[in-house]
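Observations on the model geometry
Each chain is listed here by its residues.
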Amino acid sequence: MAKKPLLKDQLFNQAKVKQIADEIQRMYPQFDKNSFAERIVERFPHLELKQRIACISENLHAFLPTDYREATSILLASLPPPNDNTKTDNDFGDFIYAPYAEFVARNGVTKKDLYFSLAALKEITMRFSAEDAIRRFINAFPKETMEELQKWSNDSHYHVRRLTSEGTRPKLPWSQKIIIAPEQAIPILDNLFSDKTRYVTRSVANHINDISKSDPKLAITTLQRWQKSGKQNSKEMDYLINHALRTLIKQGNRDAMKFLHFSTSPEVEILQFRINETPVVIGKSLEFEVTLTAKKDEQLLMDYVLYFQSKAGNRYTKKVFKLKRADVAAGERMVICKRHPMAADMTTRKLYPGEHKIELQINGNKMAEQVFDLQAEVADK
């Protein structure tokens, strides 16, 4: 079976570089598109994804006019039409335009060029999100940039609206930290939570989830205020709330549980919590079964927590996984079976043999646990 190309090779490759080189030359005939493409592509094998973005940006600077505004104007003129504004989700644009936002962030974070640069990012983000680039402007010119983003939160194009949430997230992955306090972005989110576009409301939920990690109270009170406003339809509001509170739910935060109408002291009896087969072998699955009953009608949010052994064998790291969400009637007996793959080739975690632990968590409460031995994968004979 052919090996699937790496993400960096799917997003940034010779064909993509040629694409933007042709687009730029059509607007700027002096552009040496062949040398530009050759210089970039020959370096690609040695570069990771973000390094490829930087490489293209550096070469744009080398091959375009030295005047920043002139060079940026050429890039903007070469852009394809904006992403389809009639869509509501799953339209991420083309990664090959990420270096354009990087070019603006590298060269245009000056007082003289501030509003020109912000206007450029607004154009670029309609082709591919400028969420990383905008953070450099927030840090350099927080007042002016946040005022612009507040205006953009009412823009007619949903990619621009999404940028105002995504770019101000406290913990945006793979991006630099921003100096503003989490509450400074709340007025922007106040304009976005009732958006009709899932692409936008998902970003708002992720933003509130970021806030919840440092200020749970702010996250919950903001969601409560939005819910009471009635500005968002109930189905989308429920999605936003649940997605925004996912970290607090995994942590068993009592205020989050109460907000979602889950009892923080559920009257549940665990009749059985067992691992079906031990030892568990790396490369196979951990299979477990839970049997429970409720003493009264209960809404249950069930998770399981896996405690993974470290390489040195002297400490645990843990991760919470969703198990089931269910309404259980008084006296009802419920059986839940689960299979959790213990793959040897996970990209997010390396498994080590030794003692592991699984814990059952219901409405944020630890209800039962089991210890099991994880053994090394058996080589095929």
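It should be noted that the structure appears before, not after, this text.
Values in this document were obtained by computation on a predicted structure and should not be read as measured data.

1. Topic: the packing of helix α2 (residues 14-27) against helix α5 (residues 68-78)
For the pair α2 and α5, the least separation of the axes is 8 Å and the interaxial angle reads 110 degrees. Judged by the angle between their axes, α2 and α5 are roughly perpendicular. Note on packing geometry: the crossing formed by α2 with α5 is right-handed. Contacts between α2 and α5 involve Glu23, Ile24 and Met27 from the former and Ile74, Leu75, Ala77 and Ser78 from the latter. Taken together, the residues of the contact of α2 with α5 sort by class into five nonpolar, one polar and one charged.

2. Here we look at the pairing of strand β8 (residues 365-375)
Remember that side chains alternate between the two faces of the sheet whenever the strand is regular. As judged from the two bridges shared by strand β2 (residues 280-281) and β8, these two strands associate in the parallel manner. Bridge pairing in β8 links Val280 to Leu374. Counting the residues in the hairpin turn of strand β7 (residues 354-362) and β8 gives two residues, including Asn363, whose phi is positive at 50 degrees.

3. Thoughts on the layout of surface pockets
Here the largest pocket is characterised by a volume of approximately 760 Å³. Lining the largest pocket are 30 residues, and of these Phe95, Phe128, Glu131, Pro173 and Trp174 sit closest to its centre. Counting only elements with at least two residues in the lining of the largest pocket, the list comes to α1 (7-11), α4 (49-63), α6 (98-107), α8 (131-140), α10 (158-166) and α12 (198-212). The volume enclosed by the second largest pocket comes to roughly 240 Å³. Surrounding the second largest pocket, 14 residues form its lining, Asn242, Ile249, Leu301, Lys322 and Arg325 being those nearest its centre. The set of elements that each furnish at least two residues to the lining of the second largest pocket consists of α14 (234-244), α15 (246-251), β4 (298-309) and β5 (316-328). The element best represented in the lining of the second largest pocket is β5, accounting for four residues. Here the lining of the second largest pocket is composed, by residue class, of six nonpolar, two polar and six charged.

4. What about the environment of Gln51?
One can find Gln51 in helix α4. On the basis of relative accessibility, which here comes to 41%, the residue Gln51 falls in the partly exposed class. It is 20 Å that separates the C-alpha atoms of Gln51 and Phe92, two residues lying 41 residues apart in sequence. One polar contact links the side chain of Gln51 to the main-chain amide nitrogen of Glu48, over a distance of 2.7 Å.

Cut-offs and rules
- Residues numbered from 1 in each chain as written.
- Predicted model: local features only at pLDDT ≥ 70, side-chain atom pairs only at ≥ 80, totals over all residues.
- Heavy atoms only, no water.
- Axes fitted to C-alpha atoms, helices over the stretch in contact; angles between N-to-C directions.
- Helix = DSSP H or I, 4+ residues; strand = E, 2+ residues; numbered from the N terminus.
- Parallel < 35°, antiparallel > 145°, perpendicular 65-115°, else oblique.
- Left-handed = near helix turned anticlockwise from the far one by under 90°.
- Contact = heavy atoms within 4.5 Å.
- Nonpolar A, V, L, I, M, F, W, Y, C, P; charged D, E, K, R; others polar.
- Pairing = 2+ DSSP bridges.
- 1 Å grid on protein atoms, 1.4 Å probe; cavity = no way out; pocket = protein on both sides within 12 Å on 5 of 7 lines; lining within 4 Å.
- Points joined across faces, edges and corners; volume = space filled by probe spheres on them.
- Buried < 20%, exposed > 50% of the residue type's maximum accessible area, 1.4 Å probe, protein only.
- Polar contact = N/O pair within 3.5 Å; in protein donor to acceptor, adjacent residues only side chain to side chain.

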